[in-house]
Amino acid sequence: MLASLTGVAANSFIAPAVAQEAAPPIRIGVLVPLSGAGGAYGPGMADAAKRAADFINNEAGGVLNGRKLEIVVADSETNPTAGVAAARKLLDVSKVSAITGLWSSSVALAVKPLTLERGVPLLVTGTGDEVTQGDNKGLVWRFQARGSDWGRVFARAAYLDGARTASVMVQQAPAWTIMVDPFVTEFRKLGGKIVDVVHYNPGQSSYRAEVEKVFSTEPDAVFLPSYLPELSAIAREVFRSGFTSKIYSNSSAADAEGAFIKNVGAEVAEGINHIQSIPPAESTAYKTFSQHTNTPENTLAIFPSNMWDEVSVLALAIEKSGSTDPAVFSKSILDVVNGPGTVVENPVDGLKTLRAGKPISYSGAGAQFKFTPTGDQLHRSYGRFIIKDGANHQQGLIE
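Now for a description of the structure that goes with this document. As a convention, each chain's residues are numbered from 1 in the sequence order in which they are written. Whole-chain, interface and lining totals are the exception, using all residues; otherwise, since this is a predicted model, local features are given only for residues with pLDDT of at least 70 and side-chain atom pairs are given and counted only at 80 or more. As a rule here, side-chain values cover all heavy atoms of the structure and leave hydrogens and water aside.

1. Describing the side chain of Ser332
This is how it is decided: Numbering of helices and strands starts at the N terminus; helices are DSSP runs of H or I of at least 4 residues and strands are runs of E of at least 2. Under the scheme applied here, a residue whose accessible area is under 20% of the maximum for its type counts as buried, over 50% as exposed, and between as partly exposed, the area being computed with a 1.4 Å probe on protein chains only. Contacts were defined at the residue level, with two residues in contact if any of their heavy atoms lie within 4.5 Å.
The topology assignment puts Ser332 in the loop between helix H16 (326-329) and helix H17 (333-338). Looking at Ser332, the relative accessible area reads 9%, which means it is buried. In contact with Ser332, not counting residues within four places along its chain, are Ala317, Lys320 and Ser321.

In structure tokens form, the structure reads like this:
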């Protein structure tokens, strides 16, 4: 009799409990390099995505009347094959509504056909121009400067530093090869001479032949876009051989959260110049990001701030569209960034403004950007750095 009464009592509470059950969370996939050539950046990007979701969930109650954001992290291993396998799991098992992160352009290019087929937005941090080319159905958005824009910036930096002859030693990868022609064109336009352009493959056992070919002619500057492991090996070879041409590389290799200097040592790293599209450190947007991610003062968290923007823009687009359907909310991404509307510098203020029935224009922590219709960002700023005495020193901005 007791068992029967207990069963009745328990059943009497089933309907109210179900009625009060919260709506399921909206899952966002974060596909970042927790290992491989980009392994220095993946953990910070994943953490920033989680912190952005927490900020939105805790301070704005999520999106669409209480739908919380849930971040699902996967390791791309900085490898296209592994990235595709991880993306399939995010889509098929975790049922994510978007995939973000994608630090490597090679991984982004491999994953893109899969997300286009599923009609799921792909928000990337890779620089390769090909990522946003073609018919992307309004689903591919880049949260970083486009690679071809970087080449011109490097050429101007080298020329302003006094270089009148330059060579290029470039790693075979979409993110880097796309920078070569713009570098060559701009350097020649400024009045400089290109001595040589040499391509090499990642993961070679030795780069001695390429280093000898490029540096033995003693150009004033050598443009060396690459990933961290390759730049580390090449810098050691240059140092051992006693070559003195100024090296210009991307900060994602020549800084890599301090990993480059740690890899090669202060003596080898001395004098290497590097450039990176950087966040607006003095903006309210970046300061809000720093506060909620516990970013140390005077630190430029480049990729984490881009990741914060990716999650923020998705949340705002979902709220603006009134839908969790990727085919629907992806159409609002351009609206919440480009406006016109009230400028907002964090996602919580943006959500509140949208709920008040007002349009918005999101100004990001990673950049105070606007989007082109094809998904590339405009108005990125580039920071110039040089390694001196075992530390990175910013030398200002360059356009």
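Back to the write-up after that little detour.
2. Concerning the packing of helix H15 (residues 302-321) against helix H18 (residues 347-355)
Test applied: What counts as an axis is a line fitted to C-alpha atoms, over the stretch in contact for a helix, and the angles between N-to-C directions run from 0 to 180 degrees. An angle below 35 degrees is read as roughly parallel, one above 145 as roughly antiparallel, one from 65 to 115 as roughly perpendicular, and any other as oblique. Residue polarity is assigned by list, with Asp, Glu, Lys and Arg as charged and Ala, Val, Leu, Ile, Met, Phe, Trp, Tyr, Cys and Pro as nonpolar; anything else, Gly included, falls into the polar class.
Between H15 and H18, the least distance of the axes is 10 Å, while the angle of their chain directions is 10°. In this view, H15 runs roughly parallel relative to H18, as classed from their interaxial angle. Mapping the contact onto sequence places Trp308, Ser312, Ala315, Leu316, Glu319 and Lys320 in H15 and Pro347, Gly350, Leu351, Leu354 and Arg355 in H18. Its residues assigned to classes, the contact of H15 with H18 shows six nonpolar, two polar and three charged.

3. A look at empty space enclosed by the protein
Stated precisely, the cut-off is as follows: Here the term cavity refers to a set of points on a 1 Å grid, laid over the protein atoms alone, in which a 1.4 Å probe fits but cannot get out; the term pocket refers to an open set having protein on both sides within 12 Å along at least five of seven lines, with lining residues being those that place an atom within 4 Å of a point. Grid points are joined across faces, edges and corners, and a volume is the space filled by probe spheres set on the points.
Following the criterion strictly, the structure yields one cavity of 30 Å³ or more and no others. Looking at the largest cavity, its volume works out to about 100 Å³. Trp103, Thr127, Trp176, Ser252 and Phe303 are the residues nearest the centre of the largest cavity, which is lined by 14 residues in total. Its residues placed into classes, the lining of the largest cavity shows six nonpolar, eight polar and no charged.

4. Examining the sheet that holds strand S9 (residues 246-250)
For clarity, the threshold we go by: Each pair of strands is called paired provided DSSP finds at least two bridges between the two strands.
Within the open sheet, the seven strands sit side by side as S7-S6-S8-S9-S10-S15-S16. Their pairing is mixed. If you trace the sheet from one side to the other, it starts and ends with strand S7 (193-200) and strand S16 (391-398), each paired once. Here the average twist between neighbouring strands, direction ignored, is 25°. Across three bridges, strand S8 (residues 221-223) lies against S9 in parallel orientation. For Val222, the partnering residue across the bridge sits in S9 and is Ile247. Against the sheet, helix H8 (residues 180-190) engages strand S6 (165-171), S7 and S8, with an angle of about 170° to S7.

Distances and angles like these do not, on their own, reveal function.
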